[in-house]
Amino acid sequence: CSLILASLILTSALYADDASLWREYGLVQTATTRLGKLNVTTYQMKDLTGALAAWEWLRSANSQACDLAPFCTRDPNRIVVWDDNYVVTLEGGVPTKAAVDSVLNALPNKRDTALPAIFTFLPHQGLVPESARYILGPASLQAFAPELASAKPGFNEGAEAQVAEYKVGDDPEHLRLAVFYYPTPEMARLHAIHFKLLPNAHVKRSGVLLAIVFGP
């Protein structure tokens, strides 16, 4: 039943264009309820990693960190919260922290696991706020870094990545950085060869990590 429900959700009119991305991130089910004047939408993901990826994707480029939850962003129209294997959006007003806590505490089947290792490796200096996007497979790579797709990064071998934008000095143009994490240094070494063949790509390996600055 859960697979049928997830299929119906993924083919709904609202998210039809993003169905492959939701599948890759591991959407289990979603629901929308009212909390006073607020529209509250919950996305239950298969695991914490998928929830992190969905949270980074759903937050807007204009959002800012907020103090309603440990992982929370706010823009004029929406608040997006990541909590364990859930992402929650709140629209239609500004909730209190108590209201947000009540929503998060009521979420069923929560799974709390360790943060993905790659989450700690993305450099913070010069990082453009809210620009990071988690790459778990071909769909998210095509959505957020299609320039790297031809390198065949090895997602079937356990690779994962984060892509973000960086401001360097006074240059108005942002640099784009992808950090790939591989299960072994040998896998990272082999895939570095393919990335180095890409145009306008600068590649450096350190152990199980590959850093690629790409674009114009």
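Source: prediction; values computed, not measured.

J.: Help me understand the pattern of salt bridges in this model?
T.: Two side chains with opposite charge may pair up if their charged atoms get near one another. Tallied over the full model, the rule gives 6 salt bridges. Where Arg59 meets Glu56, a salt bridge forms, and the shortest distance between an N and an O atom there is 4.0 Å. Shared partners join several salt bridges into a network, and the residues in it are Glu56, Arg59 and Glu130.

J.: What am I meant to see in the pairing of strand β9 (residues 175-181) here?
T.: Note on strand geometry: in a regular strand, side chains alternate between the two faces of the sheet. Both strand β8 (residues 160-166) and β9 contribute to a ladder of 7 bridges, which runs antiparallel. Paired with Tyr166 across the bridge in β9 is Leu175. Relative to strand β11 (residues 209-214), β9 is paired through 6 bridges, and the arrangement is antiparallel. Within the sheet, the bridge partner assigned to Arg176 lies in β11 and is Phe214.

J.: Help me understand the nonpolar core, please; the structure alone is not making it clear to me.
T.: Looking at soluble globular proteins, one finds that nonpolar side chains tend to be buried together. Core analysis: the largest hydrophobic core is formed by 48 residues, its most contacted members being Leu148, Phe180 and Phe195. Element by element, the count of residues in this core is highest for helix α3 (residues 48-58), at 8 residues. The residues touching Leu148, leaving out its near neighbours within four places in the chain, are Leu141, Pro153, Ala178, Phe180, Phe195, Leu198, Ile212 and Phe214. Of all hydrophobic cores here, the second largest spans 15 residues; its members include Leu38, Cys66, Ala69 and Val100.

How each quantity is defined
- Residues numbered from 1 in each chain as written.
- Predicted model: local features only at pLDDT ≥ 70, side-chain atom pairs only at ≥ 80, totals over all residues.
- Heavy atoms only, no water.
- Salt bridge = Lys/Arg side-chain N within 4 Å of Asp/Glu carboxyl O.
- Pairing = 2+ DSSP bridges.
- Helix = DSSP H or I, 4+ residues; strand = E, 2+ residues; numbered from the N terminus.
- Core = buried A, V, L, I, M, F, W, Y, C linked by side-chain atoms within 4.5 Å.
- Buried < 20%, exposed > 50% of the residue type's maximum accessible area, 1.4 Å probe, protein only.
- Contact = heavy atoms within 4.5 Å.

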